Amino acid sequence: EGFKNDKFNIFKNEYIAIRSNNLHVLKESKECKRLLDLKYNDLLFIINNIQTSVIFTSTVSGFLQATKKQFSISEVAVSIASISIATFISLILSISKYYALDDLKERIQLLREKYSLLLNEIDYNMDRLGPWSMKRVWKYEDHESKYEDWLNDREDINNRYNEIVNTKKELVTEYECIMDTKSRNHYHIQNKKLNLKNKEKIYEWEKKEVALETTIARDKKATEERAKLNQLQLRRNSIMLSTEELDNWSF
């Protein structure tokens, strides 16, 4: 009844528009960050394999050199093995350098950090908008003064949003240079697959939680019935892990 006020209606439309704009940038930036994460992990896996193989083969070469007398290995065999290992190491490092894998990894890591900062800025804007989503903040307040408070927050949020958009423009340019169409399509499919697997795993654990809660409910009901029959008073409590407690002010 008290919400058919011009100031509230203006606020409502402005709030919906600002929230929608921030959500759009948030969703798009999260998707870019997610695809970059996937590509970075694949690249890191390749680089780690290259480095590990270099370390392993170098160690084998050194081992052969040090134990050729103990194992009676001929000089020719050791020489051939050492030359082969050296050639392999040179080849694999040359390939890595040719594709500039380390440079690409650093570029992706830097861009991931920039996207993380951008997401943090958007989240801050959403946190600023959060308290305004509750109608009750208007219910017992003077709408004129409340709208003045909103104007102050709106100006700050819009200023931050403009900075976010400018930052996003720069990041998208870098993103397009690193993630071509083929890479985006590939990692978009990979992301879908991972999301599907994760949802399946979460669903399996949720079923186990439901089964446990059902068992607890049945046991509690049976216990309450026995207590009532024997005229006993039970202390009511629920099983909860400390990590599930959200309210730090609970007593």
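Notes on the structure follow. Being a predicted model, the structure only gives us computed values, none of them experimental. (Residues numbered from 1 in each chain as written. Predicted model: local features only at pLDDT ≥ 70, side-chain atom pairs only at ≥ 80, totals over all residues. Heavy atoms only, no water.)

**Points about the pattern of salt bridges**
Should their charged atoms come close, side chains of opposite charge can pair. Overall, the coordinates contain 12 salt bridges when judged by the stated rule. Taking the shortest distance from any N to any O, the salt bridge between Glu28 and Lys168 comes out at 3.3 Å. Taken together, the residues Glu28 in helix H1 (residues 6–67) and Lys168 in helix H5 (residues 143–178) connect sequence positions 140 residues apart. Put simply, Glu75 and Lys68 hold a salt bridge, and the shortest N to O gap is 3.1 Å. Through salt bridges with shared partners, one network takes in Glu121, Arg128, Asp153, Asp156 and Arg160. (Salt bridge = Lys/Arg side-chain N within 4 Å of Asp/Glu carboxyl O. Helix = DSSP H or I, 4+ residues; strand = E, 2+ residues; numbered from the N terminus.)

**Points about a nonpolar patch on the surface**
The grouping of Leu91, Ile95, Tyr98 and Tyr99 at the surface amounts to a nonpolar patch, some 510 Å² of accessible area in total. Among the secondary structure elements, Tyr99 is positioned in the loop between helix H2 (75–98) and helix H3 (101–129). Among the residues examined, Tyr99 registers a relative accessible area of 55% and is labelled exposed. (Patch = residues over 30% accessible without salt bridge, like charges linked within 9 Å, V, L, I, M, F, W, Y side chains within 5 Å. Areas by Shrake-Rupley, 256 points an atom, 1.4 Å probe, with all protein chains shown as cover. Buried < 20%, exposed > 50% of the residue type's maximum accessible area, 1.4 Å probe, protein only.)

**A look at the nonpolar core**
Counting residues in each nonpolar core, the largest one holds 40 residues, and the members touching the most others are Phe11, Leu36, Tyr115, Trp150 and Tyr175. At the level of elements, H1, H2, H3 and H5 are the ones that each hand at least two residues to this core. A total of 15 residues in this core trace back to one element, the largest contributor, which is H1. With sequence-adjacent residues up to four places away left out, Trp150 is seen in contact with Phe11, Glu14, Tyr15, Ile18, Leu129 and Trp132. (Core = buried A, V, L, I, M, F, W, Y, C linked by side-chain atoms within 4.5 Å. Contact = heavy atoms within 4.5 Å.)

**Side note on a negative patch on the surface**
Judged by side-chain charge, Glu141, Asp142, Glu144, Glu148 and Asp149 come together as a negatively charged surface patch. The class of Asp149 is partly exposed, set by a relative accessible area of 39%. (Lys, Arg positive; Asp, Glu negative; His and termini not counted. Charge placed at Lys NZ, Arg CZ, Asp CG, Glu CD.)

**A few points about the environment of Tyr175**
Examined against the element boundaries, Tyr175 turns out to sit in helix H5. Accessibility expressed as a relative area gives 4% for Tyr175, which makes it buried. In this structure the C-alpha to C-alpha distance between Tyr175 and Glu200, which are 25 residues apart in sequence, comes to 31 Å. Once residues within four sequence positions are removed from consideration, Tyr175 is found in contact with Cys32, Leu35, Leu36, Leu111, Tyr115 and Arg184.

**Some remarks on the packing of H1 against H3**
One way to put it is that H1 packs onto H3 with a least axis distance of 8 Å and a crossing angle of 155°. Regarding the angle of H1 to H3, the classification is roughly antiparallel. Relative to H3, H1 is oriented so that their crossing is left-handed. Classifying every residue of the contact of H1 with H3 by side-chain character gives 23 nonpolar, five polar and nine charged. (Axes fitted to C-alpha atoms, helices over the stretch in contact; angles between N-to-C directions. Parallel < 35°, antiparallel > 145°, perpendicular 65-115°, else oblique. Left-handed = near helix turned anticlockwise from the far one by under 90°. Nonpolar A, V, L, I, M, F, W, Y, C, P; charged D, E, K, R; others polar.)

So yeah, pure geometry; function would need other evidence.
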